[in-house]
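One letter stands for each residue in the lines below.
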Amino acid sequence: MNENLTVVAILVGILHSGIRLATPYLYAAIGETFAQRSGVLNLGVEGIMLMGAYAGFYVVFQTGNLVLGVLAAAAVGGVLGLAMAFISITLQAEQGISGIGLFMFGLGASSLLFKTTLGTVEGVSGFPELNGCLPGGNFCMSDIPVVGPIFFGHSVMVYGAFLLVPVAWWVINKTTWGLSIRSVGQNPQAADTLGINVARVRYMTVTLGGVLAGIAGASLSISLLNIFQENMTNGMGFIAVALVYFGSWTPFGVLAGALLFSLINALQLWVQVLGLNIPSDVAVMLPYLLTIIVLAVPFKRSLQPAALTKPFERGEN
Amino acid sequence: MQKRRTFSFPIGKVIDLSLPLVAVIGALLIGALILFLLHKNPIEAYTAMFAGAFTTKNGLADTLVKATPLLFVGLGIAIAFRGGVINIGAEGQLIAGALFTTWVGLTIGDSMPGWLGITLCIAGGTLMGGIWGAIPGYLKAKLNVNEILSTVMMNQIAIQIGFYLLRGPMIDPAEVAAGTNIPHSARLAKSLDLPRFTDIAKALGFTQSAKKLGMEGFGAQLYGLFVEPTRLHIGLLIAIVMAILVYIFLWRTTIGYRIRAVGLNPAASRYAGINVSRYVMLSMGLSGAFAGMAGSIEILGLHHRMFEPLSVSAGYGFSGIVAALFGKLHPLGAIPSSILFGGLLVGGDKMQRAVQIPQVMVTAVLGLVVLFVVGTDIWSRRRANQRIADSTETEAEAVA
């Protein structure tokens, strides 16, 4: 009986952390979905996340205002997204390589800023956990057995990330702008003929992707971990890009991928906590191995936007 | 019909060749702006950087020591990019090579002559790097897996395998005995150390230091670089020989020609009967092999043991991309470009000590260089397209 309770508690713990850990991936990968659906591969997500994490943290550290922190992260992300848009759309640079440049810039610049303005790892009090308590009452939603602790006790940033998924789906599939995004990513020549401004649509999606990547970084530094460290994203941005492929360029596919990935990560953390006989280094490796395997599964590959990574120039063909 | 001009000043070509320089200057200017905003003096910083990297014997030696892995990695990157695949996984391939070299080195120990042991170690590391690169190549060729993403994942896997091995099977027994358990391997046998420049100079009979010979100024520093004890090892020479071999391979052999053909136009290559997926795997494998060789040389020439994977790879997997791009993806162009960026890395370190500006600044500048190089490439491409348009026009005129 007692053992059963522990198993339940561990499962609840894994699911709770899984939902939590999916947050940065969701923001970044949904943003990247917009960019890729319009035909631009932004591989610099990792660098933007780092800059966003720093900006959000620094503002909260100085002012204590969490909303301002998120706005700062979004603004920094937007500027970097705009820079990426300029380089890949106007200057038609090779997108894989310019993404690496943006990653290196973000990594170096965020570390430089961290070292010159903070110096040591500091903490802030980030977004509070919402337990869904009734006003004045003694009852909290998180007290509901099993379901409560899994779905409640997360910060508003976590719920925001999950809310973003249906919103993104609606924007991409049900709005005129979404139609423009899809047509620009599928057949820019045809879209251009129909009077859609290809460059403008792409500028908007890549900038939006930057904004969301910045918020993804802030979700780490002022919601999940409440610290800033050099290279604190440690590859999350690249995983987010992989999740877009994994989710075959749809928001709900991305959600499934992000949840799977973060659950395995949470499982891996719990394996370490429980001291099971698996070397922790091997456990840490599993999500990456899984990503490669999943990328190799040839399902729904045909959904890849036809013009992905291809610059568009008027008058071609 | 108009007569075409027979000679014109090659302004386009001049612009093409100066674009990388513009990129570096632009990156440094943005870097200066950032420093200025952080209330640091950019001129002071850059002076410390340049002086630290290029004016003294030890600075020059460190620059060349760092240029060595950059050149190896850069050669691999150049092969991959020429073959139309993007290899972001040099970091992991370098780690795989370094790990396997260490394993081979620990296994053979002192049991054979140094030259044979070193050859085996390098061969092992190169092979392992090659395998680590060929896996994403295979996935790309056979299962259409995006190689950018798979190589990034392979990096993380290599890092974790490295940690696992260094905490377990490969850990230095002395660390276990002392109970400190720092994850690094035992030191390899001395016979496996790559000869340093000073050893060669000694063997050739140069034993006097610059001071003793009464030399002064930069000449004395240069003399010291090659004769006095520094960290500079023959890995640099191996890398330069490799650069020449890669040049010959890519431009003077059928296989090299096919790699470039696949990179330029896979569809046309397929019609011409080239097995495209085989050449994709080959370019990724070779690319990984050179990164693996970089790892080998770092272990044998510099560290003599394996320790934390990310400290061994030290970002060379990414800065090597910068070196390759800056060298216009030409094996010989990668030589000066590696030295320049080796200098930038060393200079960053000196700058940190001299004027307290963190070395990570260099990473940001490297990123900006990449952005500038790929961003300004459009002008070279436009010119190339113009040339093609011009020549078809001429042909059309000739037919008319």
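Residues numbered from 1 in each chain as written. Chains lettered and ligands numbered in written order. Predicted model: local features only at pLDDT ≥ 70, side-chain atom pairs only at ≥ 80, totals over all residues.

1. Topic: the overall build of chain B
Tallying secondary structure elements over chain B gives 17 helices and zero strands in all. Whereas a compact globule of 400 residues would reach a radius of gyration of roughly 21 Å, chain B reaches 23 Å, a difference of no more than 12%. Overall, chain B is about 85 × 55 × 50 Å in size when its C-alpha atoms are taken along their principal axes. Counting over 400 residues, chain B shows a buried share of 51%. For chain B, long-range pairs separated by at least 24 residues make up 79% of all intrachain contacts whose partners lie at least 6 apart in sequence. (Helix = DSSP H or I, 4+ residues; strand = E, 2+ residues; numbered from the N terminus. Rg over C-alpha atoms; globule rule 2.2 N^0.38 Å. Buried ≥ 20, exposed ≤ 12 C-beta atoms within 10 Å, placed from the backbone. Contact = placed C-beta atoms within 7 Å.)

2. Details of the overall build of chain A
The helix and strand inventory of chain A stands at 12 helices and two strands. In terms of overall size, chain A behaves like a compact globule, its C-alpha atoms giving a radius of gyration of 20 Å where 317 residues would be expected to give roughly 20 Å. Seen through its principal axes, chain A has C-alpha atoms that stretch 70 × 45 × 45 Å. Burial analysis of chain A (317 residues in total) assigns 51% to the buried set. If you take every contact in chain A between residues at least 6 apart in sequence, the share linking residues at least 24 apart comes to 79%.

3. Comments concerning the packing of helix 2 (residues 42–54) of chain B against helix 3 (residues 57–82) of chain B
For any two helices packed against each other, the geometry is given by the interaxial angle and the distance between the axes. Residue and element names in this part refer to chain B. For the pair helix 2 and helix 3, the least separation of the axes is 5 Å and the interaxial angle reads 85°. Classed by the angle they form, the pair helix 2 and helix 3 counts as roughly perpendicular. Each of Gly52, Ala53 and Phe54 in helix 2 lies in contact with helix 3, whose residues at this interface are Gly59, Leu60 and Thr63. Of the residues in the contact of helix 2 with helix 3, the class split is three nonpolar, three polar and no charged. (Axes fitted to C-alpha atoms, helices over the stretch in contact; angles between N-to-C directions. Parallel < 35°, antiparallel > 145°, perpendicular 65-115°, else oblique. Nonpolar A, V, L, I, M, F, W, Y, C, P; charged D, E, K, R; others polar.)

4. Some thoughts on the interface of chain B and chain A
With 40 residues of chain B at the interface, the matching set in chain A holds 40 residues. Elements represented by at least two residues in the side of chain B that touches chain A include exactly helix 5 (114–143), helix 6 (147–167), helix 15 (316–326) and helix 17 (361–399) of chain B. For the side of chain B that touches chain A, the element with the most residues is helix 17 of chain B, which contributes 13 residues. Of the residues belonging to the side of chain B that touches chain A, the class tally is 29 nonpolar, nine polar and two charged.

5. Things to note about the environment of B:Leu29
Residues and elements named next belong to chain B. In this structure, leucine 29 sits in helix 1 (residues 11–37). Classification of leucine 29 by C-beta neighbours within 10 Å gives exposed; the count is 12. Residues leucine 29 and valine 365, 336 residues apart in the sequence, show an inter-C-alpha distance of 9.3 Å.

6. Quick word on helix 12 (residues 280–296) of chain A
Over its 17 residues, helix 12 of chain A runs 25 Å from end to end, which matches the ideal 24 Å to within 8%, given 1.5 Å per residue. Where helix 12 of chain A bends most, the angle comes to about 35°, and this point is A:Leu286, followed within four residues by the proline A:Pro287. On its buried side, helix 12 of chain A packs onto helix 10 (236–246) and helix 11 (251–273) of chain A together with helix 6 of chain B. (Expected span 1.5 Å × (residues − 1). Bend = angle between axes of the 7 residues up to and from the residue.)

7. Let's talk about the packing of helix 4 (residues 90–108) of chain B against helix 6 of chain B
All names here are of chain B. At their nearest, the axes of helix 4 and helix 6 sit 7 Å apart, and the two run at 30° to each other. By the angle between their axes, helix 4 is roughly parallel relative to helix 6. Helix 6 is crossed by helix 4, and the crossing has left-handed handedness. Contacts between helix 4 and helix 6 involve Glu91, Gly92, Ile95, Ala96 and Leu99 on the former and, on the latter, Met154, Asn155, Ile157, Ala158, Ile159, Gly162 and Leu165. (Left-handed = near helix turned anticlockwise from the far one by under 90°.)

8. A short note on unusual backbone geometry
Residue and element names in this part refer to chain B. Positive phi, close to 55°, is recorded for asparagine 181, a residue that is not glycine. Mapped onto the elements of the fold, asparagine 181 is located in the loop between helix 7 (173–178) and helix 8 (197–203). We classify asparagine 181 as exposed; it has 10 C-beta atoms within 10 Å.

9. Points about the environment of A:Ser111
All names here are of chain A. Within the element layout of this structure, serine 111 appears in helix 4 (residues 95–118). With 21 C-beta atoms packed within 10 Å, serine 111 lands in the buried category. For the pair serine 111 and methionine 51, spaced 60 residues apart in the sequence, the C-alpha separation amounts to 8.9 Å.

10. Section: the confidence of the model for chain B
The pLDDT averaged across chain B works out to 90; a share of 96% of its residues lies at or above 70. Among the scores for the predicted complex, ipTM is 0.90 and pTM is 0.90. (pLDDT = per-residue confidence, 0-100.)

11. What to know about the environment of A:Gly185
Residue and element names in this part refer to chain A. Summarising the element assignment, glycine 185 is placed in helix 7 (residues 176–186). Using a count of 27 C-beta atoms within 10 Å as the deciding quantity, one classes glycine 185 as buried. Separated by 146 residues in sequence, glycine 185 and glycine 39 have C-alpha atoms that sit 4.2 Å apart. Ignoring any residue separated from it by four or fewer positions in sequence, one finds glycine 185 in contact with Arg37, Ser38, Gly39, Pro305, Ala307 and Leu308.

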